[in-house]
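# Residue-level structural notes
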Amino acid sequence: MAHLIDGKQLSDQVLQEVASEVELLKGEHDIVPTLAVVLVGEDPASQVYVRNKVKRATEAGMGSIEHRLDAETSQATLSELIDHLNSDPKVHGILVQLPLPSHFNEDMVIASIHPAKDVDGFHPLNVGALASGQPSLVPCTPQGCMIMLHQVHPDLSGKNVVVVGRSNIVGKPMAALLLQANCTVTIAHSRTKNIESLCRNADIVVAAVGRAEFINADWIKPGATVIDVGINAIDLDGKRKLVGDVDFESVARVAGAITPVPGGVGPMTIACLLLNTTRAARRQLA
Ligand code: GUN
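Here the residue index of a chain counts from 1 through its sequence in written order. It should be noted that, the model being predicted, local features are given only for residues of pLDDT at least 70 and side-chain atom pairs only at 80 or more, the latter also being counted only at that level, while totals for whole chains, interfaces and linings use all residues. Note: side-chain values were computed over all heavy atoms of the structure, leaving out hydrogens and water.

## Comments concerning the sheet that holds strand β8 (residues 225-228)
Just so we agree on the cut-off: The criterion for strand pairing is that DSSP finds at least two bridges linking the strands in question. The way it works is that DSSP assigns letters per residue, a run of H or I at least four long becomes a helix, a run of E at least two long becomes a strand, and they are numbered from the N terminus.
As summarised here, the arrangement of the 6 strands in space is β1-β11-β8-β7-β5-β6, forming an open sheet in which the pairing is parallel. Only two strands of the sheet have a single neighbouring strand rather than two, namely β1 (3-4) and β6 (184-188). Note that strand β7 (residues 204-207) and β8 share 4 bridges and pair parallel. Each residue of the ladder has a partner; that of A207, found in β8, is D228.

## Brief notes about the packing of helix α2 (residues 44-59) against helix α10 (residues 265-283)
Here is the rule: Fitting a line to C-alpha atoms yields each axis, with helices limited to the stretch in contact; the angle taken between N-to-C directions then spans 0 to 180 degrees. Our angle categories are set so that under 35 degrees counts as roughly parallel, over 145 as roughly antiparallel, 65 to 115 as roughly perpendicular, and the remainder as oblique. Each crossing is labelled by how the near helix is turned from the far one, with a counterclockwise turn of less than a right angle marking it left-handed and a clockwise turn marking it right-handed. What makes two residues a contact is simply this: any of their non-hydrogen atoms within 4.5 Å.
Closest axis-to-axis distance for the α2/α10 pair is 10 Å, and the angle between their directions is 55 degrees. Taken together, α2 and α10 sit at an angle that is classed as oblique. Here α2 and α10 pass one another in a crossing that is right-handed. Contact residues: N52, K53, R56 and A57 in α2; I270, L273 and L274 in α10.

## Some details on the packing of aromatic side chains
To keep it simple, the criterion reads: Aromatic rings from Phe, Tyr and Trp, with only the six-membered ring used for Trp, were paired whenever their centres fell within 6.5 Å, and each pair was classed as stacked if the ring planes differed by under 30 degrees, edge-to-face if by over 60, and tilted otherwise. Using a 1.4 Å probe on the protein chains alone, a residue whose accessible area is under 20% of its type maximum counts as buried, one over 50% counts as exposed, and one in between counts as partly exposed.
Per the counting criterion, the structure on display carries 1 aromatic pair. Between F214 and W219, the ring centres sit 5.3 Å apart and the planes meet at 65 degrees, which makes this aromatic pair edge-to-face. Residue class for F214 comes out partly exposed when judged on its relative accessible area of 24%.

## Some words on the pattern of salt bridges
The criterion, for reference: One speaks of a salt bridge when a side-chain nitrogen belonging to Lys or Arg is within 4 Å of a carboxyl oxygen belonging to Asp or Glu.
Within this structure, the stated rule accounts for 8 salt bridges. As a salt-bridge pair, K8 and D12 come within 3.2 Å of each other at their nearest N and O atoms. A residue pair is termed a helical-turn pair when its members lie 3 or 4 positions apart in one helix, as K8 and D12 do in helix α1 (residues 7-29) at 4 residues. With relative accessibility at 41%, the residue K8 sits in the partly exposed group. Between R56 and E59 there is a salt bridge whose closest N-O contact spans 2.7 Å. Here R56 pairs with E59, and both are found in helix α2, just 3 residues apart, close to one helical turn. Among the residues examined, R56 registers a relative accessible area of 27% and is labelled partly exposed. Through salt bridges with shared partners, one network takes in K55, R56 and E59.

As structure tokens, this is what we get:
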């Protein structure tokens, strides 16, 4: 069986570092690093994510502000709120939970967040900084995946990695971070030909497609490391169950190391969000 990369345990380590940094910022600079989370609409999964983010922030001794807007809120109203948060010196990080209802222009919303408070790392300036090899605030999920990968591969140099999925939130920034770590990176997606054989050649596969148990053991080279970013709710015998993009049972028999779902990448994402918030707060001191 593959070695299990324990996201819960690793995220606790990161959260301890965050809590220490929060204490330093409080004691030495009299500031409470504060995260503002904005949720528009009633999407049940987004509600769970936002609740967890706020809960963990509080546990780490940070401030958190939650803004819930109804699904019919206009782009102008959301813009006003973001302007207000941008100029509030007590707010160090701003996260607008995605996806937004379809009448919003998501790109415009993201670009309206002050880059120094963009703890998601989605602002074009932060995306460009990462792409050009000068990362500033880096997207949380890929950052969490890198911490997990470093547990198994202290030196990632020269590894062949296939990232399955090309989203702005995970796939693209993941590829940029891996490239920065001197990996040879392939991004595979729905139009990729021979995706199975590409994956089977990889030392590391990062699955971020949003399709339940899409990747099975036939895709994986024996001994390879598998990072599963997916969180998909499926019905199993009438019960709701969370599964990843990887068919865990079969892949765990072939892989050398694998992240579970739940308890893998998910907790790391939140820990990295809080890490980004303390980093943002410290930079705003200057
Ligand atoms: N929706 C799914 N993942 C994310 C994320 O990392 N940040 C935000 N803002 N929304 C998301």
